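Structural characterization, general
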Amino acid sequence: MTILNAFLDQLMSWQAVLDIGLISAGLFFLYRTLTKLGTWKIFLGICSAFLFFVIASVLNLEGVEWIFRNISHVALLALIVIFQPELRKIFEKIVLIYGHKKKIRVNSDIETLAASLWKMAQDHCGALVVIPGQEAINDKISGGYTLNADVSMPLVLSIFDHHSPGHDGALIFENNELVRFGVRLPISESGRLGNDYGTRHHAAMGLAEQSDALALVVSEERGRVSLCSNGRMRGLESIKEIVAAINTHYRRYGFAEKQKGGFLNRAVVAQIAVCVAIASIFWSSLVVVNQQIVERVITVPVEYASPKPGFVLAGEKIDEVKIHLTGTKSDLDNLSVAKTSVNVNLSEINEGAQSVLITKNNLRLPRNITLLDAVPASLEVTLVGIVQKTVPVVPQLIGKLPEGKQLKIVKVEPETVQILAPPDQNGNKTVNVSTTPIYLNSIDSSTSLYCKIIAPPSMQPVDKKWPDIVITFEIEE
C-alpha cells in the first residue's frame, strides 16, 4: 500500500505530467517522421526489444538486464547511425514549429497550374511538379535550370514537351512562380511503390518522404494525376481536387489563411492518444521498477584518516570491505561505488588496540539506502606512540666488482639518520634504513655516488624529507 501511495503521489505531480507530455510529444514526432520515411518497422522492432527489457526489469531477470546494460552504449551509437536521417528530420521539425511562416496570396495561378496538369494527363504527357513546404529542399534536389516565370498553360506544357531538354525533371512551383525546371529529385528507398510505377513516381515519393513538400505527378501511361505528400500517394480525379490539394498544402504550413474548424482530424487525435498511452505506460513501468526494494552486495575501500599527532597505525590493515545494502532499485543503481567507502577516523581513537564497528555512520551512503551487514563487521586497529631514533644507513650493494678489482673502503655520509617510528615490538631487534641499489659490476675505479634512502612505511624522517646519501668507494687492483 505504501508503494501504491508513493506511485500515485508521483503520478499527480507536475513533474510527472510534464515528463509524460514531453515523452508523448517525442513519440508523436518520431512516429510521424518514421511513417513518412517508411522506416517505422525498424523502430517497432526496437520498441519491442525495449519492452522486453522493461518486463525483464520488473521480473528481476538479472541475466537479461546484464546483457542490455552491456550492449546499451554500442546499441545507442548504432541507432544514431541507422536513424541519422530520421533524427535530422525530427530536429528540423522542432525548429520549424517556432519558425517564421511566410504568407502567400492564393490566386488564379493555382487553377492555371491545375488545369495544365489535368490537360497533360488527358494527353498522356508525363509531368512532375513540386510545391515546397516549410522545410528547405535545396539540399535534397540537384540540377535544373532557373526560370522565375509567371504561370501560364503554354509555358507549363512546353516544359514537359518531349522535345524539351528538361521534360524528364521536376518543375518547382514556389511563391506563385515557376522557379526552376529540369530538377532531379531523390529516389524513394522505402519500397512503398511497386515496380509498375516509373521513375517520376519514385522521385516524387522520395522527396515526399524526405521533406514536407507536395509533389504532383502525371502518369504518361495511365493518364492520371497523383499526389505525393508525407510519404503517401493518392490519385486526384479532377481539376477541382488538384486545386483543393494545393490550397490544403498552403493552409497546413501557414502559407494561406486556414478555414474555420479544427485542424486535428480523427486520425491525428488517435495517434496523439496512443502516444500518450504508451508514454504513460512507459513512465509507470519505470516508476514501478525503480520503487522496488532490492538488496545488493558491493565491495568498497577502507580509508583511514590521520591519527593524533605522535601516534601511528601499527600492524596490518584491511583495505576492502564487503557491504550488504538494501533500498529502491533506482537508488542502488545510482549509487556510485567509486564515491562509497568506509571512513575510519583515527584521530578519535586512543592508543592501543581497538575494534571499529562498521555502521552507516562511517559509510558514505545516501539517506534512502540501508546497511544490512558488512564482512568483516568490524576493523581491528592498533595505534602506538612514535619515538625518535637514530638508525644507521646501510648501503645496498649488488653484484661483484669487475675482475681484478678489490673494494678497499666504503664510506657512507651521513652514517646515521634521525627517524620517527613505532617502538620496537621484538625487543633488541636491529633497525636500519638502506640506500637505493648500487651495482658493483659498473664500478671500475674509485668514485662517489649519490643515493636515496629506502625505509619501511612505518618510518618517517624527522625533517620531513630524507637526506641524500653519498657513498664513496676506494678501489684497488
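Above this text is the structure in question.
In this report, we go over the structure that sits alongside the text. (Residues numbered from 1 in each chain as written. Predicted model: local features only at pLDDT ≥ 70, side-chain atom pairs only at ≥ 80, totals over all residues. Heavy atoms only, no water.)

Turning to the overall build of the protein chain, a few remarks are in order. For the protein chain, the helix and strand inventory stands at eleven helices and 24 strands. With 477 residues in all, the protein chain has 37% of them scored as buried. Taking all contacts inside the protein chain whose residues are at least 6 apart in sequence as the whole, residues at least 24 apart take part in 72%. Of the roughly 27,900 Å² of accessible surface on the protein chain, 57% is carried by carbon and sulfur atoms. (Helix = DSSP H or I, 4+ residues; strand = E, 2+ residues; numbered from the N terminus. Buried < 20%, exposed > 50% of the residue type's maximum accessible area, 1.4 Å probe, protein only. Contact = heavy atoms within 4.5 Å. Areas by Shrake-Rupley, 256 points an atom, 1.4 Å probe, with all protein chains shown as cover.)

Direction vectors running N to C along helix α6 (residues 108-122) and helix α9 (residues 239-252) enclose 135°, while the axes themselves pass 9 Å from each other. Overall, the two elements α6 and α9 adopt an arrangement that is oblique. In this structure, α6 meets α9 at a crossing whose hand is right-handed. The residues of α9 that touch α6, namely those facing Ile110, Glu111, Leu113, Ala114, Ala115, Leu117 and Trp118, are Ile239, Ile242, Val243, Ile246, Asn247 and Tyr250. (Axes fitted to C-alpha atoms, helices over the stretch in contact; angles between N-to-C directions. Parallel < 35°, antiparallel > 145°, perpendicular 65-115°, else oblique. Left-handed = near helix turned anticlockwise from the far one by under 90°.)

This next bit is on the packing of aromatic side chains. If you walk through the whole model with that rule in mind, you get one aromatic pair. Note on tyrosine 145 and phenylalanine 181: the rings are 5.2 Å apart at their centroids and 35° apart in plane angle, and the pair reads as tilted. Residue tyrosine 145 is found in strand β2 (residues 142-149), and its partner phenylalanine 181 is found in strand β4 (residues 177-184); the two are separated by 36 residues along the sequence. The class of tyrosine 145 is partly exposed, set by a relative accessible area of 44%. Residue class for phenylalanine 181 comes out buried when judged on its relative accessible area of 15%. (Phe/Tyr/Trp six-rings, centres within 6.5 Å; stacked < 30°, edge-to-face > 60°.)

The next point concerns the sheet that holds strand β11 (residues 342-344). Taking strand neighbours across the sheet as the criterion, the four strands line up as β11-β8-β10-β13 in an open arrangement whose pairing is mixed. Each end of this open sheet is capped by a strand with a single partner; those strands are β11 and β13 (370-375). Looking at each pair of strands side by side, their axes are set apart by 30° on average, direction ignored. Of the pairings in the sheet, the one linking strand β8 (residues 293-304) to strand β10 (residues 320-328) comprises nine bridges and is antiparallel in character. Bridge assignment links isoleucine 298 to a residue of β10, and that residue is isoleucine 323. (Pairing = 2+ DSSP bridges.)

Here the focus is a nonpolar patch on the surface. On the surface, Trp14, Leu18 and Leu22 cluster together into a nonpolar patch covering about 370 Å² of accessible area. Within the secondary structure layout, tryptophan 14 lies in helix α2 (residues 14-37). Judged by relative accessible area, tryptophan 14 falls into the exposed class, the value being 60%. (Patch = residues over 30% accessible without salt bridge, like charges linked within 9 Å, V, L, I, M, F, W, Y side chains within 5 Å. Salt bridge = Lys/Arg side-chain N within 4 Å of Asp/Glu carboxyl O.)

Moving on to the environment of valine 302. Tracing the sequence through the fold places valine 302 in strand β8. On the accessibility criterion, valine 302 (10% relative accessible area) is buried. Counting along the chain gives 15 residues from valine 302 to lysine 317, while the straight-line C-alpha distance between them is 9.2 Å. Contact partners of valine 302, with chain neighbours within four places excluded, come to Ile318, Asp319, Glu320, Val321, Val342, Val344 and Leu379.

Here we come to the sheet that holds strand β17 (residues 406-413). Read from one edge of the open sheet, three strands run β17-β24-β21, paired in antiparallel fashion. The strands lining the two open edges of the sheet, one partner per strand, are β17 and β21 (447-451). Averaged over all adjacent pairs, the angle separating strand axes in this sheet is 20°, with direction ignored. With five bridges joining them, β21 and strand β24 (residues 469-476) adopt antiparallel strand pairing.

This brings us to α6. Between the first and last C-alpha of α6 there are 21 Å, a value that for 15 residues agrees with the 21 Å anticipated at 1.5 Å per step. The complete set of buried residues in α6 reads Asp109, Ile110, Leu113, Ala114, Ala115, Ser116, Leu117, Met120 and Ala121. The inward-facing, buried residues of α6 abut β1 (127-131), α7 (153-159), β3 (170-174), β5 (214-218), β6 (225-229) and α9. (Expected span 1.5 Å × (residues − 1).)

This part is about the pairing of β24. Pairing geometry for β17 and β24, over seven bridges, is antiparallel. For glutamine 406, the partnering residue across the bridge sits in β24 and is glutamate 476.

A few words on the environment of glutamate 320. For glutamate 320, the position within the fold is in strand β10. C-alpha of glutamate 320 to C-alpha of valine 302: the two residues are 18 residues apart in sequence and 5.5 Å apart in space. Ignoring sequence-local partners within four residues, the contact set of glutamate 320 consists of Thr299, Val300, Pro301 and Val302.

Turning to the side chain of threonine 435, a few remarks are in order. Relative to the elements of secondary structure, threonine 435 occurs in strand β19 (residues 433-435). Take threonine 435: its relative accessible area is 0%, and that puts it in the buried class. When neighbours within four sequence positions are excluded, threonine 435 is seen to be in contact with Val393, Val394, Pro395, Gln396, Cys451, Lys452, Ile454, Ile469 and Ile471.

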